[in-house]
Amino acid sequence: MLDIPAKTARFITFEGGEGVGKSTQVKRLLVRLNRLNIESIRTREPGGTPKAEAVRAFILQGRSESWGAGAEAVLFAAARLNHVNQLIAPSLQSGKWVISDRFHDSTRAYQGLTGGVDTRLIAGLEELALDGHAPDITFVLDMDPKIAFDRVNARELESALAETGDRFEREDLDWHRRLRQAFLDIAEHNAKRCVVLPANQDPDALEQEIWDVLLRRFPELDSEAGA
Ligand code: T5A
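Here the residue numbers are simple positions, counted from 1 along each chain's written sequence. In keeping with the predicted nature of the model, local features appear solely for residues at pLDDT of at least 70, side-chain atom pairs appear and are counted solely at 80 or more, and the whole-chain, interface and lining totals rest on all residues. Each side-chain value is worked out from all heavy atoms of the structure, with water and hydrogens disregarded.

**Student:** How should I be thinking about the site of the ligand in this particular structure?
**Tutor:** Whether a residue is near a molecule or strand depends on its heavy atoms: if one lies within 4 Å, it is near. Around the ligand, the surrounding shell holds 25 residues, and the nearest of these are Glu-18, Lys-22, Ser-23, Thr-24 and Thr-107. Counted as a polar contact is a pair of N or O atoms within 3.5 Å, where, for protein atoms, one must be capable of donating a hydrogen and the other of accepting one, and residues adjacent in sequence contribute only when both atoms are in side chains. Here an oxygen atom of the ligand and a backbone polar atom of Gly-19 are 3.0 Å apart. Within the side chain of Gln-111, one N or O atom sits 2.9 Å away from a nitrogen atom of the ligand. Alone, the ligand offers 1,000 Å² of accessible surface; in the complex the protein occludes 84% of this. Labels follow the DSSP assignment, with helices taken as runs of H or I lasting at least four residues and strands as runs of E lasting at least two, numbered in each case from the N terminus. When contributions to the shell around the ligand are tallied by element, the ones reaching two or more residues are helix H1 (22-35), helix H2 (50-60), helix H3 (69-93), helix H4 (104-114) and helix H6 (145-156). Polarity classes work like this: nonpolar for Ala, Val, Leu, Ile, Met, Phe, Trp, Tyr, Cys and Pro, charged for Asp, Glu, Lys and Arg, and polar for all others, with Gly in that last group. Class assignment of the residues belonging to the shell around the ligand gives a composition of eight nonpolar, eight polar and nine charged. Note on areas: Shrake-Rupley with a 1.4 Å probe; residue coverage comes only from the protein chains shown.

**Student:** Is there a simple way to explain the environment of Arg-44 in this structure?
**Tutor:** Considering the arrangement of structural elements, one finds Arg-44 in strand E2 (residues 40-44). By relative accessible area, which is 35% here, Arg-44 ends up partly exposed. For Arg-44, the side chain forms a polar contact with the side chain of Glu-53, separated by 2.7 Å. For each residue, the accessible area found with a 1.4 Å probe, counting protein chains only, is set against the maximum for its type, and the residue is called buried under 20%, exposed over 50%, and partly exposed in between.

**Student:** Looking at this structure, I do not really get the packing of H2 against H3. What am I missing?
**Tutor:** The description of two helices packed together rests on the angle between their axes and the distance between the axes. Interaxial distance between H2 and H3 falls to 8 Å at its minimum, and their mutual angle equals 160°. Viewed along their axes, H2 and H3 adopt a mutual orientation that is roughly antiparallel. Relative to H3, the crossing made by H2 is left-handed. Residue-level contacts link Lys-51, Ala-52, Val-55, Phe-58 and Ile-59 of H2 to Glu-72, Leu-75, Phe-76, Ala-79 and Asn-82 of H3. For the contact of H2 with H3, a count of residues per class yields seven nonpolar, one polar and two charged. Note on method: axes are straight lines fitted to C-alpha atoms, helices fitted across the in-contact stretch only, with angles between N-to-C directions ranging 0 to 180 degrees. When an angle is under 35 degrees it counts as roughly parallel; over 145 it counts as roughly antiparallel; between 65 and 115 it counts as roughly perpendicular; any other value is oblique. Left-handed describes a crossing whose near helix is turned anticlockwise from the far helix through less than a right angle; right-handed describes the clockwise counterpart. What makes two residues a contact is simply this: any of their non-hydrogen atoms within 4.5 Å.

**Student:** Whenever I open this one, unusual backbone geometry confuses me. Can you help?
**Tutor:** Peptide bonds are trans in most cases, and residues, glycine excluded, mostly fall at negative phi. Backbone torsion omega between Glu-45 and Pro-46 reads -10°, so that peptide bond is classified as cis. Within the fold, Pro-46 resides in the loop between E2 and H2. Phi angles above zero are rare outside glycine, and Arg-102 is one such case at about 80°. With respect to the helices and strands, the residue Arg-102 is situated in the loop between strand E3 (97-101) and H4.

**Student:** Help me out: how do you make sense of the nonpolar core in this one?
**Tutor:** The tendency in soluble globular proteins is for nonpolar side chains to be buried side by side. One finds Ile-12, Phe-14, Phe-139, Leu-214 and Leu-221 to be the most contacted residues of the largest nonpolar core, which totals 26 residues. Mapped by element, the contributors of at least two residues to this core are strand E1 (11-16), H1, E3, strand E4 (137-142), strand E5 (194-198) and helix H8 (203-217). Each residue touching Leu-214, except ones within four places of it in the same chain, is listed here: Ile-12, Leu-29, Ile-137, Phe-139 and Leu-221. If you look at the next biggest cluster of nonpolar residues, it comprises 18 residues, including Ala-109, Leu-179, Phe-183 and Ile-186. Here, the term nonpolar core denotes a set of buried Ala, Val, Leu, Ile, Met, Phe, Trp, Tyr and Cys residues that are joined through side-chain atoms within 4.5 Å.

**Student:** Explanation requested: the packing of aromatic side chains in the structure shown.
**Tutor:** Given two aromatic rings, their pairing is described by the distance between the two centres and the angle made by the two planes. Note on aromatic contacts: the rings of Phe and Tyr and the six-membered ring of Trp form a pair at centre separations within 6.5 Å, being stacked when their planes are under 30 degrees apart, edge-to-face when over 60 apart, and tilted otherwise. Per the stated rule, a full pass over the model turns up six aromatic pairs. Taken together, a centroid distance of 5.7 Å and an interplanar angle of 90° make the contact between Trp-97 and Phe-218 edge-to-face. On the criterion of sequence distance, the pair formed by Trp-97 in strand E3 and Phe-218 in the loop between H8 and helix H9 (220-226) is long-range, its members being 121 residues apart. A single burial state applies to Trp-97 and to Phe-218, both of which are buried. Between Tyr-110 and Trp-175 the ring centres are 5.7 Å apart and the planes differ by 55°, which places this aromatic pair in the tilted class. Within this pair, whereas Tyr-110 is found in helix H4, its partner Trp-175 is found in helix H7 (residues 173-189), the two being separated by 65 residues in sequence. Given a relative accessible area of 7%, Tyr-110 falls into the buried group. The exposure class of Trp-175 is buried, given its relative accessible area of 10%.

**Student:** It is not clear to me how the pattern of salt bridges should be interpreted in this structure. Could you clarify?
**Tutor:** Close approach of charged atoms lets side chains of opposite charge pair. Each salt bridge in this description consists of a side-chain nitrogen of Lys or Arg and a carboxyl oxygen of Asp or Glu lying within 4 Å of one another. Scanning the model with the defined rule gives 14 salt bridges in all. We note a salt bridge from Glu-45 to Arg-80, for which the minimum N-O separation is 2.6 Å. Within this pair, whereas Glu-45 is found in the loop between E2 and H2, its partner Arg-80 is found in helix H3, the two being separated by 35 residues in sequence. In this structure, the salt-bridge partner of Lys-146 is Asp-150, at a minimum N-O distance of 3.2 Å. With Lys-146 and Asp-150 both in helix H6 and four residues apart, the pair spans about one turn of that helix. Judged by relative accessible area, which is 40%, Asp-150 ranks as partly exposed. Connected via shared salt-bridge partners are Arg-28, Arg-32, Asp-204 and Glu-207.

Listed below in structure tokens is the structure:
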């Protein structure tokens, strides 16, 4: 494991169901950090490196669906291993904050708690892929999946995915309600790391809530703001 410089680089992840506004808030957070001249990068899972992006395309096009949730968990972990080794760890090591749109909690929620994959397999893959690089804080954006679906449908009306959705968007509403509960359960069991925030609110208000949490959690941000 690489040494992370203390009190400089932070690793922040955003989690939750489909269309809850993770990407929107990741982008907004990056703007805020940049304004304070805090070097930071935005990344996503699955993906973030060329090899992990190739795995992303393979899974989200539905090509791994028939392999079953266990094999998909292995694929997500393979992508994560590359992402951590090639991008996340080196970035943190060089003092850059890393903001990731999804990370290991998505495997716990989608493949584990909702997909029924054995928790021992999920835990083993996680240990291997993270190699000690757990997030410092995770925002779990929470809302009724029906409302989130309407957001995604509005966005995708003109896109190639409009009729089919990606691999996981095609699951039914009951499945997404179980997924929502899975993220809440993960947050409850990891209360020090995870902060659940209501996502069905104005994006500016949500952005401010996220920032307020970060100011409390990382007081060095306050001194950067005053610098
Ligand atoms: N997956 C991933 C696994 O199964 N296991 C894993 O280990 C990992 C890492 C990834 C898929 O892979 C699965 C989970 C996913 O199914 P993805 O395309 O990255 O696929 O899917 P999502 O993460 O769900 O991305 P989305 O873009 O669909 O949702 P976001 O990022 O939550 O939402 P966002 O910000 O794009 O917003 C959606 C729409 O709502 C609007 C936006 O403008 C946009 O149009 N919006 C708001 N509208 C009103 N109020 C707000 N506050 C709004 N915020 C955003």
